[in-house]
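# Architecture at a glance
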Amino acid sequence: MDNNIEGEEVEFRKHAKYFIRFLHTLPGRLASHDSTRVTIAFFAVSGLDVLDSLHMLTDTFQQDICNWIYKLQVVPKPGERGYGGIQGSSTFDVIGTPDSCGLQLYRWGHLAITYTGIAVLVALGDDLSRLNRRAIIEGVAAVQRDDGSFSATIEGSEQDMRFVYCAAAICAMLNDWGRVDRKKMADYILKSIRYDYGISQHYEMESHGGTTFCAIAALELSGQLHLLSADTRDKIIRWLVFRQQDGFQGRPNKPVDTCYSFWIAATLKILHAFELTSFQANRDYVLSTQDPTVGGFSKWPQAYTDPFHSYFGLCGLSFLNEPGLQEVMPSLNISMRAYRRLQELQRNWTLLEEGLAAGNGEVTVHIE
């Protein structure tokens, strides 16, 4: 591990203002992302959280964001399929649209949106009391496939490692696995380890840094990381460490990219091997993609910035113990501050459930 890291300074305030702009107005080039606006809100809110700058959002605006996410929650009626969760935007909530047009048939939860939506609520200090946790967990179980993988929605979606991670993160955050088959999920992950010991998006595909994170994080979140043998674990670490050039690449023979300073580094953090990398080289690359004028980070130097790479660039710097940044919880991809609050919520849920089970009807919970 490198000590005494030096180099370009992080433009904290400019990055914070950059994220705030995306919470107010999206540029035209992001119009195609309308159906996934919750994920953009996740990068912006979580970016502000890592920057320790959520105070730059007024209390009213923070509450407006929470209320907007709750409006996107989808809860099936009794007897309907398990499509509960959070949808990505209000695209399918056109006021005055009659049910006969069929638009309501496409209102269902999406795993990635549900995960990022819950993460936003937690980051903003919401108590999650308006979430229908049972409907969400039943929605997760409903999209698990026979091979143990998950698809994003109840129908018409891919099934692969990305949504395995989202399913595991949702269940871990809500502290409830319901009817989700964790063993099948782990089997799917283990069968996706490739010959070079990276992990692929789906069977027989190429090893990839992003999906290796999804797989390893899902194993940790589900309490199954021990299923990796010591030899396999070491070989996965070797594959990950070899992804560093100066920054990190996602696959062999590909250019480095800012976001892999999260995907690769977070996986190594989970496996307790991040110290095997060069901190200085990593930091130098990430900051070479920083826009010092208006804020934000890009995937490559001199490229367009975007909320995705800006957030993951900051996470990568946080792993390097950059002064002024909040610590990030690797497997859930939220700040440690948000994670500690989530743990408090989970303890209160447990106390409530135990009190109800005891039948005394008197339960006191406390949120710091």
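Quick note: structure is the one above.
Worth saying up front: this structure is predicted, and the values here are computed from it rather than measured.

Next up on the list: the pattern of salt bridges. Under the criterion given, the structure shown has 13 salt bridges. As a salt-bridge pair, aspartate 49 and arginine 337 come within 2.7 Å of each other at their nearest N and O atoms. Here aspartate 49, found in helix H2 (residues 37-50), pairs with arginine 337, found in helix H13 (residues 336-358); they are 288 residues apart in sequence, far enough to count as distant. Across the pair lysine 183 and aspartate 187 runs a salt bridge whose closest N-O atoms are separated by 3.4 Å. Of the two residues, lysine 183 and aspartate 187 both sit in helix H7 (residues 182-191), four residues apart, roughly one turn of that helix. Overall, the relative accessible area of 30% leaves aspartate 187 in the partly exposed class. A single salt-bridge network, built from bridges that share partners, covers Asp49, Asp52 and Arg337.

With that settled, the discussion passes to the environment of glycine 7. Of note, glycine 7 is situated in the segment before helix H1 (12-24). Residue glycine 7 is classed as partly exposed on the basis of its relative accessible area of 48%. As for glycine 7 and aspartate 284, which are separated by 277 residues in sequence, their C-alpha atoms are 6.8 Å apart.

Further remarks concern the packing of helix H6 (residues 161-174) against H7. At a minimum axis separation of 11 Å, H6 and H7 run at an interaxial angle of 145°. Considering how the two elements wind past one another, H6 and H7 form a crossing that is left-handed. Between H6, through Met161, Val164 and Ala168, and H7, the contact on the second element is made entirely by Met185, Tyr188 and Ile189. Grouping the constituent residues of the contact of H6 with H7 by class yields six nonpolar, no polar and no charged.

For the rest of this paragraph, the subject is the environment of serine 278. Following the sequence through the fold, serine 278 ends up in the loop between helix H10 (260-270) and helix H11 (279-288). Taking the C-alpha atoms as reference, serine 278 lies 44 Å from threonine 91; in sequence the two are 187 residues apart. A distance of 3.3 Å separates a polar atom in the side chain of serine 278 from the backbone nitrogen of alanine 281.

Compared with an ideal rise of 1.5 Å per residue, which puts 13 residues at 18 Å, H1 spans 19 Å between its outermost C-alpha atoms and is within 8% of the ideal. Along H1, the positions that sit buried rather than exposed are His15, Ala16, Tyr18, Phe19, Ile20, Phe22 and Leu23. On the buried face of H1, the contacting elements are H2, helix H3 (59-71) and helix H12 (307-319).

Moving on, we come to empty space enclosed by the protein. Under the criterion given, the structure shown has one cavity of 30 Å³ or more. Lining the largest cavity are 14 residues, and of these Gly84, Gly109, Gly139, Val143 and Ala152 sit closest to its centre. Residue assignment for the lining of the largest cavity shows that the elements contributing at least two residues are helix H4 (111-123) and helix H5 (133-142). Each residue belonging to the lining of the largest cavity can be placed in one class, and the counts come to seven nonpolar, seven polar and no charged.

For the rest of this paragraph, the subject is unusual backbone geometry. Glycine aside, a negative phi is what most residues show, and trans is what most peptide bonds show. At aspartate 52, a residue that is not glycine, the phi angle is positive and equals roughly 60°. Along the polypeptide, aspartate 52 turns up in the loop between H2 and H3. Residue aspartate 52 is classed as partly exposed on the basis of its relative accessible area of 36%. Although it is not a glycine, asparagine 175 adopts a positive phi angle of roughly 55°. Along the chain, asparagine 175 falls in the loop between H6 and H7.

Here is what the cut-offs are and how they apply
- Residues numbered from 1 in each chain as written.
- Predicted model: local features only at pLDDT ≥ 70, side-chain atom pairs only at ≥ 80, totals over all residues.
- Heavy atoms only, no water.
- Salt bridge = Lys/Arg side-chain N within 4 Å of Asp/Glu carboxyl O.
- Helix = DSSP H or I, 4+ residues; strand = E, 2+ residues; numbered from the N terminus.
- Buried < 20%, exposed > 50% of the residue type's maximum accessible area, 1.4 Å probe, protein only.
- Axes fitted to C-alpha atoms, helices over the stretch in contact; angles between N-to-C directions.
- Left-handed = near helix turned anticlockwise from the far one by under 90°.
- Contact = heavy atoms within 4.5 Å.
- Nonpolar A, V, L, I, M, F, W, Y, C, P; charged D, E, K, R; others polar.
- Polar contact = N/O pair within 3.5 Å; in protein donor to acceptor, adjacent residues only side chain to side chain.
- Expected span 1.5 Å × (residues − 1).
- 1 Å grid on protein atoms, 1.4 Å probe; cavity = no way out; pocket = protein on both sides within 12 Å on 5 of 7 lines; lining within 4 Å.
- Points joined across faces, edges and corners; volume = space filled by probe spheres on them.

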